[in-house]
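Each chain is listed here by its residues.
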Amino acid sequence: MLNFRDAFRVLFGTLMALRLLRKYRPDVVFSKGGYVVVPVGLAAHLHGVPIITHDSDAAAGLANKIIGRWAKIHTTAMAPKYYPYPSDSIRQVGIPVDGRLKPVDAEEQKSLKRQIGLAPDNLMLLVAGGGLGSQTINELMAKISPELLKNNPRLEIVHFSGSGHQDSLTEHYQRELGEEMPQRVKVLGFSSDFYAYSGAADVVLARAGATTLAELAIQRKAAVIIPSPFLTSGHQLKNAEELTLHSAAVVLPNNIEPQKLLSTLNDLLQNTSSREQLARSMGSLARPNAAAELADILLEAAKV
């Protein structure tokens, strides 16, 4: 029944897309994936409009795989080996990111710490579980925070909890830390200036979302990455494989024991040379010109 319903929706969506293509007469159709692009891609193929796809993760999305048979060029974030497209059709460009992102040196890092209200000479750990947050990372960090802060007297933690989790995570930290919490831990749900927080960080603990990794690479950040094993196609696990291949981050499993995470963070926070080595390796993966390269490909395709 569901398959019949979905087939009807694709057919109806394709008819609507054909109408829109006739109205606007695009020179190229660009697909970032998602179910909505399937009827649009089918309509573009029927109309003879060139299709360009882009995959951010180290695993092609289902929608792009479906319409990819008609695509002129497949642009990707990761190396061509991760994608099921013809090798001569793949262009690795990276991921377009916030234009304010740039490599961060020591002076810029101090400036960003001041900008977000932290002491410029203190250490900062940034924790980010993605836009919706990560319950696993939230709980782990709150649990180990007393000992982590005790072991690192100059450490301040900024924790992006994800939408809807700010209050509950703040309460969790308060239970663990008491009066010490507001002086050394800041919990935020979201910020449009995330680049400033990541730029200020000495160490970043995060999931393996492709855009997050691209941003950390441009800023050259030492990172501990815990990929989620539960997302479609295991794409975060594949993203993390690329980091491991280049020794660009410390990659830990989702079921990591609290004490293991604590010791890993302690080691990085207390070892400047280890942080610098990870930062250099992460920076080697940066593709800061991704937006320009992608724009050039789209403009060239539109001329055909």
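Anyway, here's the lowdown on the structure attached to this text.

What counts and what doesn't
- Residues numbered from 1 in each chain as written.
- Predicted model: local features only at pLDDT ≥ 70, side-chain atom pairs only at ≥ 80, totals over all residues.
- Heavy atoms only, no water.
- Helix = DSSP H or I, 4+ residues; strand = E, 2+ residues; numbered from the N terminus.
- Buried < 20%, exposed > 50% of the residue type's maximum accessible area, 1.4 Å probe, protein only.
- Polar contact = N/O pair within 3.5 Å; in protein donor to acceptor, adjacent residues only side chain to side chain.
- Contact = heavy atoms within 4.5 Å.
- Arc of directions from axis to C-beta.
- Pairing = 2+ DSSP bridges.
- Axes fitted to C-alpha atoms, helices over the stretch in contact; angles between N-to-C directions.
- Right-handed = clockwise from strand over helix to strand, strands pointing away.

**Let's talk about the side chain of Asp 202**
No. 1: Here Asp 202 lies in the loop between helix H8 (194-200) and strand E8 (203-206).
No. 2: Judged by relative accessible area, which is 14%, Asp 202 ranks as buried.
No. 3: At 3.1 Å, the side chain of Asp 202 forms a polar contact with the side chain of Gln 109.
No. 4: Here Met 124 takes part through its backbone nitrogen, which lies 2.8 Å from a polar atom of the side chain of Asp 202.
No. 5: Not counting chain neighbours up to four residues away, the residues in contact with Asp 202 comprise Gln 109, Lys 113, Asn 122, Leu 123, Met 124, Ala 222 and Arg 275.

**Side note on helix H10 (residues 235-245)**
Along an α-helix, residues three or four positions apart point the same way, because every turn accommodates 3.6 residues.
No. 1: Within H10, the full set of buried residues consists of His 235, Gln 236, Asn 239, Ala 240, Glu 242 and Leu 243. End-on view of H10: buried residues confined to an arc of 150°, all on one side of the axis.
No. 2: Its buried side turned inward, H10 meets helix H9 (210-219), strand E9 (223-225), strand E10 (250-251) and helix H12 (272-283).
No. 3: Ser 247 lies just past H10 and shows a positive phi near 50°.

**What to know about the sheet that holds strand E1 (residues 29-31)**
No. 1: Judged by pairing direction, the sheet is parallel, and its four strands sit side by side in the order E1-E2-E3-E4 without closing on themselves. Each end of this open sheet is capped by a strand with a single partner; those strands are E1 and strand E4 (90-92). Within this sheet the neighbouring strands show an average axis-to-axis angle of 20°, counted without direction.
No. 2: Inspection of the sheet shows E1 paired to strand E2 (residues 51-55) by three bridges, in the parallel sense.

**Quick notes on the pairing of E2**
No. 1: Here E2 lies mainly inside the structure; five of its five residues are buried.
No. 2: Crossover E1 to E2 through helix H2 (residues 37-47) is right-handed.
No. 3: Bridge analysis of E2 against strand E3 (residues 73-76) gives four bridges, and the strand direction is parallel. The residue of E3 that forms the bridge with Asp 55 is Thr 76.
No. 4: Read as a crossover between parallel neighbours, the route from E2 over helix H3 (residues 62-67) to E3 is right-handed.

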